[in-house]
Amino acid sequence: MKITKIVLVLLTLSLLFTGMVACDSTEGGQEAPETTATPDSNTGYCDMNAVINEIDSMSVSSFTETTEKTEFVKFTVKGHGEFVVRLRADIAPITVENFQKLVSEKFYDGLTFHRIIKGFMIQGGDPKGDGTGGSGTTIKGEFSQNGVRNQLSHIAGVISMARRSMPLDSATSQFFVCNADASRSLDGGYAAFGYVVAGLETVLMISDVEVTANGREMSKPVEKVVIEKVCFVTKN
């Protein structure tokens, strides 16, 4: 039990200090962009039992690439495989709209998962590849610490936005996918906006890559983990 508590403390400290520090310091003062998303009284509500049943419940082959903007996106990761994420605009509309915009612009194609911690998460979406870059635009943080209801819990398979510790509205393009239950340290402080519905084994495979020291944590992949493509898909 003491070892488990120590591990949890170390992960929490890692979060606070390297802590999904996802934005360049020059971007922190930018205003959040206007959005066409229209939250209503049900925005942010989530049935976690339904989510648990849906995570990794399908196969990647059940989806077909499309040029239309949809609620499903497929990641193709060089040498590792593919996985499909369902985006939940009913839970985090601003975050989903921003992510869909970046996917439409092919922003993520060729970027990397630059921060990988087994038993925690894999983080990507930084054009600089070192945790300091972003898209140049910040968005509102859709989580309870920022006054926004978001009941999607950070369990294995959930995708969420990385950000700096302050300001709370500092998320830009960097995201992370949980490879284990991180709800105790992340819920309420980060904007979860979807989850893996197919190919979770690919996320877990990426989580097993060899890493080296990155400051005070072991999280920098020895070999680059390249996101070859992120595209919209539809269910067959």
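Placed above this text is the structure.
Definitions and limits used
- Residues numbered from 1 in each chain as written.
- Predicted model: local features only at pLDDT ≥ 70, side-chain atom pairs only at ≥ 80, totals over all residues.
- Heavy atoms only, no water.
- Helix = DSSP H or I, 4+ residues; strand = E, 2+ residues; numbered from the N terminus.
- Buried < 20%, exposed > 50% of the residue type's maximum accessible area, 1.4 Å probe, protein only.
- Phe/Tyr/Trp six-rings, centres within 6.5 Å; stacked < 30°, edge-to-face > 60°.
- Core = buried A, V, L, I, M, F, W, Y, C linked by side-chain atoms within 4.5 Å.
- Contact = heavy atoms within 4.5 Å.
- Arc of directions from axis to C-beta.
- Salt bridge = Lys/Arg side-chain N within 4 Å of Asp/Glu carboxyl O.
- Pairing = 2+ DSSP bridges.

**Re the overall build of the protein chain**
The secondary structure content of the protein chain amounts to five helices and 11 strands. Counting across all 236 residues of the protein chain, residues that qualify as buried make up 53%.

**Details of the packing of aromatic side chains**
Across all of its chains, the model carries 11 aromatic pairs by this definition. Each ring, one from Phe-75 and one from Phe-175, has its centre 5.6 Å from the other, and the planes form 55°; the classification is tilted. Pair noted here: Phe-75 is in strand β2 (residues 72-77) and Phe-175 is in strand β7 (residues 175-178), with a separation of 100 residues, a long-range link. Residue classification places Phe-75 among the buried positions, given a relative accessible area of 0%. A residue is classified by how much of its surface remains accessible, and Phe-175, at 0% relative accessible area, is buried. Relative to Tyr-190, the ring of Phe-176 lies with its centre 6.1 Å away and its plane at 80°, an arrangement referred to as edge-to-face. Of this pair, Phe-176 sits in strand β7 while Tyr-190 sits in the loop between α4 (183-186) and β8 (192-198), and the two are 14 residues apart along the sequence. For Phe-176, a relative accessible area of 0% translates into the label buried.

**Points about the nonpolar core**
Core analysis: the biggest nonpolar cluster contains 52 residues, and Phe-75, Phe-99, Phe-113 and Phe-175 have the highest contact counts within it. The dominant element in this core, judged by the number of residues it contributes, is β8, at six residues. With residues near it in sequence (within four places) discarded, Phe-99 still touches Val-73, Phe-75, Leu-87, Tyr-108, Ile-159, Phe-175 and Phe-193. Listed in part, the nine residues of the second largest apolar core include Ile-117, Met-121, Ala-162 and Ala-182.

**Structural notes on helix α5 (residues 200-207)**
Considered for burial, the residues of α5 that qualify are Leu-200, Thr-202, Val-203, Ile-206 and Ser-207. Here the buried residues of α5 occupy an arc of 155° about the axis, which is enough to place them on one side. Of the surrounding elements, those touching the buried residues of α5 are β2, β3 (81-87), β4 (113-117), β5 (121-124), β7 and β8.

**Observations regarding the environment of Val-51**
Within the fold, Val-51 resides in helix α2 (residues 48-54). For the pair Val-51 and Ile-155, spaced 104 residues apart in sequence, the C-alpha separation works out to 9.7 Å. Residues within four places of Val-51 in sequence aside, it is in contact with Cys-46, Arg-88, Leu-152 and Tyr-195.

**Quick notes on the pattern of salt bridges**
Scanning all chains against the criterion turns up eight salt bridges. Taking the shortest distance from any N to any O, the salt bridge between Arg-88 and Asp-90 comes out at 2.7 Å. By relative accessible area, which is 11% here, Arg-88 ends up buried. Assessed through its relative accessible area of 38%, Asp-90 is described here as partly exposed. Of the charged contacts, one joins Asp-208 and Lys-118 as a salt bridge, the two residues approaching to 2.8 Å between their closest N and O atoms. Of this pair, Asp-208 sits in the loop between α5 and β9 (211-214) while Lys-118 sits in the loop between β4 and β5, and the two are 90 residues apart along the sequence. The exposure class assigned to Asp-208 is partly exposed, which follows from its relative accessible area of 49%.

**Here's the deal with the pairing of β4**
The element β4 is largely enclosed, with a buried count of five among its five residues. Two strands pair when backbone bridges link them, and β4 and β5 are joined in this way by four bridges, in the antiparallel orientation. Within β5, the residue paired with Arg-115 across the bridge is Gln-123. Hairpin geometry of β4 and β5 is characterised by an intervening segment of three residues between the two adjacent antiparallel strands and by a positive phi of about 85° at Gly-119.

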